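If you want the building blocks of each chain, they are given just below.
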Amino acid sequence: MARKVFIAGNWKMNKTAAETVELCKALKEKFADICPNCVDVAVCPPFTSIAAAIAELKGSNIKVGAQNIHWADNGAFTGEISGAMLKEMGVEYVIIGHSERRQYFGETDETVNKRLQAALKYDLKPIVCIGETLDEREGGKTEAVLEKQIKGAFAGIKECCFKKVVIAYEPVWAIGTGKTATPEMAEETHKFIRKVCAELYGEALAEEAVIQYGGSMKPENSQQLVAQKDIDGGLIGGAALKADSFHDLVKNAIA
Ligand code: PGA
């Protein structure tokens, strides 16, 4: 079965609730011409703007995700948010292990794995982020780094659960820098990621896995990137913060 394109906007620490209402109103209008059978679309606002986004996007073809989840059900974890809290709000997706979390907040493969288990437990659709730094790419370590991140993230995750997970490959050197991996370079890496998934879960499940690309994807390059055989969509930062650019990026990706 062909994989369905999935594009998600990661708003990071942008948009207050009032700004979220404004952006979602514009998105709802713009995305009316996008066929929901051709692409899944989601936005991931900061926690404080999730309720506003869900209310505003009700009845539209845009889903809402969160940017993180804690592994515990509840308890003394100041500043954290649980799966139950997200689920109750009506959140569908959750980003896990974004490189900014790994870089600035001490996220490791082990915590990514714990958060992934929590997301699955609460029936949220996880978007697990992996990616190498510039030093790692230049040092010829890309494949070793990705393999370790994948095996770490999926430790103990069964086949039935793997099916529910989206992987986002985001080369750290391409995030927010304007430097995109060339479609060929990205495709080669996506192919490698699928190969590692096949080693873990078999060819058939690896073939079905949705693998997004992230890192300076914009309306100008989304078509070429998503046209690659193993690239099934995108995780979008900067270009997701304006209705026009997010819409055009999605439209071009499925053109
Ligand atoms: P960018 O961010 O599109 O601004 O490069 C992507 C991401 O960090 O998910």
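Quantities reported herein were computed from a predicted structural model and do not represent experimental measurements.

Basis of the calculations
- Residues numbered from 1 in each chain as written.
- Predicted model: local features only at pLDDT ≥ 70, side-chain atom pairs only at ≥ 80, totals over all residues.
- Heavy atoms only, no water.
- Buried < 20%, exposed > 50% of the residue type's maximum accessible area, 1.4 Å probe, protein only.
- Helix = DSSP H or I, 4+ residues; strand = E, 2+ residues; numbered from the N terminus.
- Pairing = 2+ DSSP bridges.
- Right-handed = clockwise from strand over helix to strand, strands pointing away.
- Core = buried A, V, L, I, M, F, W, Y, C linked by side-chain atoms within 4.5 Å.
- Salt bridge = Lys/Arg side-chain N within 4 Å of Asp/Glu carboxyl O.
- Expected span 1.5 Å × (residues − 1).
- Arc of directions from axis to C-beta.
- Contact = heavy atoms within 4.5 Å.
- Polar contact = N/O pair within 3.5 Å; in protein donor to acceptor, adjacent residues only side chain to side chain.
- Near = heavy atom within 4 Å.
- Areas by Shrake-Rupley, 256 points an atom, 1.4 Å probe, with all protein chains shown as cover.
- Nonpolar A, V, L, I, M, F, W, Y, C, P; charged D, E, K, R; others polar.
- Axes fitted to C-alpha atoms, helices over the stretch in contact; angles between N-to-C directions.
- Left-handed = near helix turned anticlockwise from the far one by under 90°.

Observations concerning the pairing of strand β3 (residues 62-66)
Of all five residues that make up β3, four are buried, and the element is covered over most of its length. The pairing of strand β2 (residues 39-44) with β3 spans three bridges and is parallel. Each bridged residue has a counterpart across the sheet, and for Val-43 the counterpart in β3 is Val-64. Pairing geometry for β3 and strand β4 (residues 93-96), over two bridges, is parallel. Bridged to Gly-65 within β4 is Tyr-93. Crossover handedness for the path β3 to helix α3 (residues 83-89) to β4: right-handed.

Quick notes on the nonpolar core
Ranked by size, the top nonpolar core spans 67 residues in total, and within it Ile-7, Leu-27, Phe-154, Ile-193, Tyr-213 and Phe-246 carry the most contacts. Counting twelve residues, the second-largest nonpolar core is a separate cluster that includes Phe-6, Cys-44, Cys-129 and Val-210.

Section: the pattern of salt bridges
Under the defined criterion, the tally for this structure stands at 22 salt bridges. The partner of Asp-244 in a salt bridge is Lys-30, and the shortest N-O contact between them spans 2.9 Å. Here the residue Asp-244 occupies a position in helix α12 (residues 243-253), and Lys-30 occupies one in helix α1 (residues 17-30), the gap between them amounting to 214 residues. According to the relative accessible area criterion, Asp-244 is partly exposed, its value standing at 45%. Using a relative accessible area of 35% as the deciding quantity, one classes Lys-30 as partly exposed.

Examining α1
Its 14 residues give α1 an end-to-end C-alpha distance of 20 Å, which sits within 8% of 20 Å, the value for a rise of 1.5 Å per residue. All of the buried residues along α1 are Thr-20, Leu-23, Cys-24 and Leu-27. Buried residues of α1 fall within an arc of 100 degrees about the axis and therefore sit on the same side. Exposed positions of α1 whose direction lies more than 90 degrees from the buried face are Ala-18, Glu-22 and Glu-29. Looking at the buried side of α1, the elements it contacts are β2, α2 (47-57), β3 and α12.

Notes on the environment of Arg-194
Within the secondary structure, Arg-194 sits in helix α9 (residues 183-201). Taking the C-alpha atoms as reference, Arg-194 lies 9.5 Å from Glu-208; in sequence the two are 14 residues apart. For Arg-194, the residues in contact, after removing those within four places along its chain, are Arg-3, Ala-206, Glu-207, Ala-209, Ile-211, Asp-230 and Asp-232. At a separation of 2.9 Å, a polar atom in the side chain of Arg-194 contacts the side chain of Asp-232.

Observations concerning the site of the ligand
What surrounds the ligand is a group of 13 residues, the closest being Lys-12, His-98, Glu-170, Gly-176 and Ser-216. Within the backbone of Gly-237, a nitrogen or oxygen atom sits 2.9 Å from an oxygen atom of the ligand. Protein chains shield 95% of the accessible area of the ligand, which is 280 Å² for the free molecule. Of the residues contributing to the shell around the ligand, the split by class is four nonpolar, seven polar and two charged.

Considering the side chain of Ser-216
Looking at where Ser-216 falls in the secondary structure, it is placed in the loop between β7 (210-214) and α11 (222-226). Overall, the relative accessible area of 16% leaves Ser-216 in the buried class. Sequence-distant contacts of Ser-216, that is, excluding residues within four places in its chain, are made with Ala-174, Gly-176, Thr-177, Gly-178, Lys-179, Thr-180 and Asn-221.

Section: the packing of α1 against α12
Closest axis-to-axis distance for the α1/α12 pair is 9 Å, and the angle between their directions is 35 degrees. Relative to α12, α1 is oriented so that their crossing is right-handed. Between α1, through Leu-23, Ala-26, Leu-27 and Lys-30, and α12, the contact on the second element is made entirely by Ala-243, Asp-244, Phe-246 and His-247.

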